[in-house]
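# Secondary and tertiary structure notes
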Amino acid sequence: MKNEMESLKRRIDAASKRVPADVVIKGGKIVDVFNLTIKQADIAITDGIIVGIGEYEGKHVIDAIGQYIAPSFIDAHVHIESSMVTPKEFAKVVLPHGVTTVITDPHEIANVSGTEGISFMLHDSEGLDLDVFVMLPSCVPATSFENSGAVLQNEQLEPFYAHPRVLGLAEVMDFPSVKNHDKEMFKKIVSAKIHRNQIDGHGSGFDENGINIYRTAGITTDHECVNSNEVEMRIARGMYVMIREGTTAKNLKQLIKMVTPSNARRFLFCTDDKHLDDLLIEGSVDHNIRLAIQYGMDPIQAIQLATLNAAECFSLNTKGAVAPGFEADLVFLEDLKTLEIAKVFKAGKLVAEAGTFTGKIDGAQPIPSREKLMKSVRVNKIKEEDLQLAMGVHQKAHIIEVIPDQIVTNKLIEEVPVQNGIFSPDAEKDLAKLAVIERHHLTGNIGLGIVKGLGLTSGAVASTVGHDSHNLIVAGTNDGDILKAVEVIQAIQGGLVVVQNGKVLATLELAISGLMSNKPYPEVLKEIENLHASLDLVTNGRLPHLFITLAFLSLPVIPKLKLTDQGLFDVSEFKHIPLLV
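It should be emphasised that the depicted structure is a prediction, and the values quoted were computed from it without experimental measurement.

### Some details on the nonpolar core
The biggest cluster of nonpolar side chains holds 129 residues, and the ones touching the most others in it are L130 and F269. No fewer than three residues from each of domain 2 (72-324) and domain 3 (375-576) sit in this core. Ranked by size, the runner-up nonpolar core spans 37 residues in total, among them V134, V178, A192 and M239.

Given below as structure tokens:
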């Protein structure tokens, strides 16, 4: 307490102008997210906290003439694992884009490696210039209709609430467990209420009754809205709506028109799942802000969504504004409409300038030694007959249809090509074979299905990134290439691979739980670029982000039809269904 009292005394003395502030920013135009106005004033900072707005003297003066000064941005919901780099590397990528705070849900790595995965994410994000707050995974596995690498009950999660950066319970996606009083789900919800009282939702495809149930359970946010009706239902019931713009799930264009001056304080921005190359090229939630402005939103209003709204939603009471008592996490902007970022400050210290990370991350990149993290692909030997889809006299089948730029899919019933009683992939009809192979417990489970719309013209693609249980998922135009792709994934112990005519065109090794690389992000970027170049050889280019689309084809909580290691899953009926019709 003594140190805190001394620090408070220093700040009060600087605020009252008895002593110079540590840092004073002069000449800038402050973005006031409370009044949605611009004002010209000095910003005084001591101990990394803003202590005054007005006229101040400082030990160190920063010239901001001609620039706008906004609070730095907050990504309200992100899975860092989807960037395929560790938190340390992720920080280097997003800080130049003005993001100094993220709310992350490590349920990807938790589904593979359990509590060891959560501990790794907390450890690797310690002491960064990026503030990484964690929501504990609520659904590991996402449902009981698939096999994940771990099962996390409340007794495994509850000890993590002692960590100061753990904020609550992450996206609750198992709606039947909430509705039907599942004991373990109730324990998680009640525990979150006792410890933090922050619970995120995942209400994909919900009707009004579903939202009523979630709100009654204390769930306050949702990032799965895809249309105006869904937004209206949630806002009317007091929820926060996260407007998502990720690599595959792009919902901002459809939802931004629902934001009005009357309801704007109930909206946040998030990326959810975004690949490394998109983060580097487009950015993080700074991209959301630019798009919102492009579609007609006032720039200051858009900044408010990405700052104050997100901070207040998660009770981060010293973040999200340029005002006394708030952390000096700031973004210098050359222009409000283009949101060109000149500098980024964390706690009053420069961490990025002109698109380049300038901060310091102590210590070498850690390489986990625990076997559960590094040796996560356990698959029995697979033969060609294991992949055959016997049609018999049937020619009609249930088919998963990909919807570009969405993680929801269509459920089709169509006639499919058959040779000798076996389904035969057809590139002209854009019909590929899809397999989800259990990779955690050597169960031997292989779910088989047919997918339309991936754009594969030859070869096969495989990945150990398969939401949310992250089994090995592979799609291909022939069994030979499918088998080769699986063989490569086993050899590299997780990652992404492209195969054509028995030849490996490109790989991306993801040594940490089959989800993240332990290499620096520039090296990972090169491997991603090689993957994209190889995809051009085996696809018609319809899906530029084929791998992330592939990853969501196994997520059985997103409508309408998905594939798990146990077979085809109808999300509307919430049960497995046969392939044949």
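### Digging into the sheet that holds strand β19 (residues 356-357)
With mixed pairing, seven strands are arranged side by side in an open sheet as β3-β2-β7-β16-β17-β18-β19. Both edges of this open sheet fall to β3 (37-40) and β19, since each of them pairs with a single strand only. Where strand β18 (residues 349-353) meets β19, two bridges bridge the pair, whose relative direction is antiparallel. For E353, the partnering residue across the bridge sits in β19 and is T356.

### With respect to the pattern of salt bridges
Summed over all chains, the structure comprises 29 salt bridges. A salt bridge links R237 to E208; its shortest N-O distance comes to 3.6 Å. One end of the pair, R237, is in the loop between α8 (228-236) and β14 (240-244); the other, E208, is in helix α7 (residues 208-216), and 29 residues separate them in sequence. Among the residues examined, R237 registers a relative accessible area of 24% and is labelled partly exposed. What makes E208 partly exposed here is its relative accessible area of 44%. Here K411 and D570 are joined by a salt bridge, their closest N and O atoms 2.5 Å apart. Separated by 159 residues along the polypeptide, K411 in strand β21 (residues 409-415) and D570 in strand β31 (residues 567-570) bring together distant segments of the chain. The exposure class of K411 is partly exposed, given its relative accessible area of 31%. Through salt bridges with shared partners, a single ionic network connects D131, K319, E327, D329 and K346.

### So, the packing of helix α11 (residues 285-294) against helix α12 (residues 299-313)
Here α11 crosses α12 at 150 degrees, and the two axes come no closer than 9 Å. By crossing handedness, the relation of α11 to α12 is classed as right-handed. For the pair formed by α11 and α12, the contact residues are I289, A292 and I293 on the first element and P299, A302, I303 and A306 on the second. Grouping the constituent residues of the contact of α11 with α12 by class yields seven nonpolar, no polar and no charged.

### Concerning the UniProt feature "domain: Amidohydrolase-related" (unreviewed entry) in the protein chain
According to UniProt, the "domain: Amidohydrolase-related" (unreviewed entry) feature falls on residues 68-351. Annotated as 36% helix and 21% strand, the span residues 68-351 places its first and last C-alpha atoms 17 Å apart.

### Concerning the packing of aromatic side chains
Applying the stated rule across the entire model yields eight aromatic pairs. Summarising the aromatic geometry, the rings of F34 and F326 are spaced 6.0 Å apart at their centres and angled 70 degrees between planes, so their arrangement reads as edge-to-face. Residue F34 is located in the loop between β2 (29-32) and β3, and its partner F326 is located in the loop between α12 and β16 (330-335); the two are separated by 292 residues in the primary sequence. For F34, a relative accessible area of 42% corresponds to the partly exposed category.

### Section: the side chain of S148
Inspection of the secondary structure assignment puts S148 in the loop between β10 (131-136) and α4 (154-157). The buried category is assigned to S148, whose relative accessible area is 6%. Polar side-chain contacts of S148 include one of 2.6 Å to the backbone oxygen of A150.

### Details of the UniProt feature "domain: Adenine deaminase C-terminal" (unreviewed entry) in the protein chain
Summarizing the sequence annotation, UniProt attributes the feature "domain: Adenine deaminase C-terminal" (unreviewed entry) to residues 406-575 in the numbering used throughout. Within residues 406-575, the helical portion is 22% and the strand portion 33%, while the C-alpha atoms at the span's ends are 22 Å from each other.

### Examining the environment of H202
Secondary-structure assignment places H202 in the loop between β12 (199-201) and α7. Along the backbone, H202 and Y214 are 12 residues apart, and their C-alpha atoms lie at a distance of 9.4 Å. Every residue in contact with H202, bar those within four places of it in the chain, is listed here: E171, V172, M173, Y214, D222, H223, E224, V557 and I558. At 3.1 Å, the side chain of H202 forms a polar contact with the side chain of E224.

### With respect to helix α3 (residues 107-124)
Over its 18 residues, α3 runs only 16 Å from end to end, short of the ideal 26 Å by more than 12%, given 1.5 Å per residue. At S113, α3 shows its largest kink, close to 140 degrees.

### Thoughts on the environment of Q304
Looking at the secondary structure, you find Q304 in helix α12. In this structure, the C-alpha to C-alpha distance between Q304 and G466, residues 162 residues apart in sequence, is 34 Å. Apart from residues no more than four positions distant in its own chain, Q304 is found in contact with V33, L36, R265 and N309.

### A few points about the pairing of β16
Across four bridges, the pairing between strand β7 (residues 68-71) and β16 is antiparallel. Within β16, the residue paired with Y68 across the bridge is L333. As paired elements, β16 and strand β17 (residues 340-346) share five bridges and run antiparallel to each other. Pairing of V331 across the sheet is with V344, part of β17. Count of turn residues in the β16/β17 antiparallel hairpin: four residues, of which L339 carries a positive phi of about 55 degrees.

### Considering the sheet that holds strand β6 (residues 58-63)
If you trace the four strands from one edge of the open sheet to the other, you get β5-β4-β1-β6, paired in mixed fashion. Of all strands in the sheet, those with a lone pairing partner are β5 (49-54) and β6, marking the two edges. Taken over all neighbouring pairs, the strand axes of this sheet differ in orientation by 25 degrees on average, direction set aside. Here five bridges tie strand β4 (residues 42-46) to β5, and the two strands are oriented antiparallel to one another. Residue pairing for β5: I43 is matched across the bridge by I53. Against the sheet, helix α1 (residues 2-15) makes contact with β1 (21-26), β4 and β5, and its axis sits at roughly 10 degrees relative to β5, the strand it touches most.

Here is what the cut-offs are and how they apply
- Residues numbered from 1 in each chain as written.
- Predicted model: local features only at pLDDT ≥ 70, side-chain atom pairs only at ≥ 80, totals over all residues.
- Heavy atoms only, no water.
- Core = buried A, V, L, I, M, F, W, Y, C linked by side-chain atoms within 4.5 Å.
- Buried < 20%, exposed > 50% of the residue type's maximum accessible area, 1.4 Å probe, protein only.
- Domains from an automatic or database assignment.
- Pairing = 2+ DSSP bridges.
- Helix = DSSP H or I, 4+ residues; strand = E, 2+ residues; numbered from the N terminus.
- Salt bridge = Lys/Arg side-chain N within 4 Å of Asp/Glu carboxyl O.
- Axes fitted to C-alpha atoms, helices over the stretch in contact; angles between N-to-C directions.
- Left-handed = near helix turned anticlockwise from the far one by under 90°.
- Contact = heavy atoms within 4.5 Å.
- Nonpolar A, V, L, I, M, F, W, Y, C, P; charged D, E, K, R; others polar.
- UniProt positions renumbered as here; feature names shortened; annotations may be inferred.
- Phe/Tyr/Trp six-rings, centres within 6.5 Å; stacked < 30°, edge-to-face > 60°.
- Polar contact = N/O pair within 3.5 Å; in protein donor to acceptor, adjacent residues only side chain to side chain.
- Expected span 1.5 Å × (residues − 1).
- Bend = angle between axes of the 7 residues up to and from the residue.

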